[in-house]
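Here is how the chains run, residue by residue.
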Amino acid sequence: MGAIYKADNGWKFGGMVRDITTTVNFWSVNQKELSTVVNGEEFNPAPKDKMELTMPKLNVGASKLFEINSSVYVLPEAGINVDFAKTASLISTDFASISPYAGAELGYQKMIFVRLGINRFQSITDIEDLKRKVSFQPSAGIGIRYRGLTLDYAITNSGIGGSNFYSNFFSLKLDMGAFRND
């Protein structure tokens, strides 16, 4: 469930609640294969239960379009993700965990788009030196839109302490409204 408010000054504010009724997952895992013990401390432990509850999440954000000239614009966005559970987020309590995010899109003639973002800020323990570190997930992408057809590409790092694991995303969207005769 979500909502967007468009202010008269050009700002847009949005909010969304996911898993509003809570999601229940049942599973099993081989604990010996999953966890790692370093200096007597267990990393990546699995819960003993075979049931997992996914608690509701709240996402809120704000954005505003800035036109550089008639062909170029910048659309920055920032917000927070709130998990109603204790996680590895930078701000984490028994009631909720809060993680900020930010991003921007640079557009040219509403046809070519370049995007940058950063999210999933977490406080993690490095298993080599056992020091607490802040981890985050950077992302970047490009998009092309032509006559109702949009092709997007995005790449993101897993955000795990400088790892070299990347995910690539491709999407193709067709807007049938672009073919309508008004």
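The structure under discussion appears in the preceding block.
In short, a report on the structure. Just so it is clear, the model here is predicted, and its values are computed rather than measured.

Details of the environment of Phe-113
Next, step 1: Structurally, Phe-113 is set in strand β12 (residues 112–125).
Next, step 2: Once the C-alpha coordinates of Phe-113 and Val-72 are considered, the two residues, 41 residues apart in sequence, prove to be 9.8 Å apart.
Next, step 3: When sequence neighbours within four positions are dropped, the list of residues in contact with Phe-113 reads Tyr-73, Glu-105, Leu-106, Gly-107, Gly-141, Ile-142, Gly-143, Ile-144 and Arg-145.

Description of the layout of surface pockets
Next, step 1: Considered as a void within the structure, the largest pocket measures approximately 1000 Å³ in volume.
Next, step 2: The wall of the largest pocket is formed by 39 residues, among which Glu-77, Tyr-101, Gly-103, Ala-104 and Arg-115 lie closest to the centre.
Next, step 3: Elements supplying a minimum of two residues to the lining of the largest pocket: β1 (2–6), β2 (11–18), β7 (57–64), β9 (72–83), β11 (97–108), β12, β13 (132–146) and β14 (149–157).
Next, step 4: Of the residues contributing to the lining of the largest pocket, the split by class is 18 nonpolar, 14 polar and seven charged.

A word on the packing of aromatic side chains
Next, step 1: Taken as a whole, this structure holds four aromatic pairs when the rule is applied.
Next, step 2: Measuring from centroid to centroid gives 5.8 Å for Phe-121 and Phe-136, while their planes differ by 35°, and the two rings are tilted. Here the residue Phe-121 occupies a position in strand β12, and Phe-136 occupies one in strand β13, the gap between them amounting to 15 residues.
Next, step 3: Phe-121 gets classed as buried once you look at its relative accessible area, which sits at 17%.
Next, step 4: Seen from their ring centres, Tyr-153 and Phe-170 are 4.9 Å apart, and the 45° between their planes marks the pair as tilted. Separated by 17 residues along the polypeptide, Tyr-153 in strand β14 and Phe-170 in strand β15 (residues 166–174) bring together distant segments of the chain.
Next, step 5: Given a relative accessible area of 65%, Phe-170 falls into the exposed group.

Parameters and conventions
Residues numbered from 1 in each chain as written. Predicted model: local features only at pLDDT ≥ 70, side-chain atom pairs only at ≥ 80, totals over all residues. Heavy atoms only, no water. Helix = DSSP H or I, 4+ residues; strand = E, 2+ residues; numbered from the N terminus. Contact = heavy atoms within 4.5 Å. 1 Å grid on protein atoms, 1.4 Å probe; cavity = no way out; pocket = protein on both sides within 12 Å on 5 of 7 lines; lining within 4 Å. Points joined across faces, edges and corners; volume = space filled by probe spheres on them. Nonpolar A, V, L, I, M, F, W, Y, C, P; charged D, E, K, R; others polar. Phe/Tyr/Trp six-rings, centres within 6.5 Å; stacked < 30°, edge-to-face > 60°. Buried < 20%, exposed > 50% of the residue type's maximum accessible area, 1.4 Å probe, protein only.

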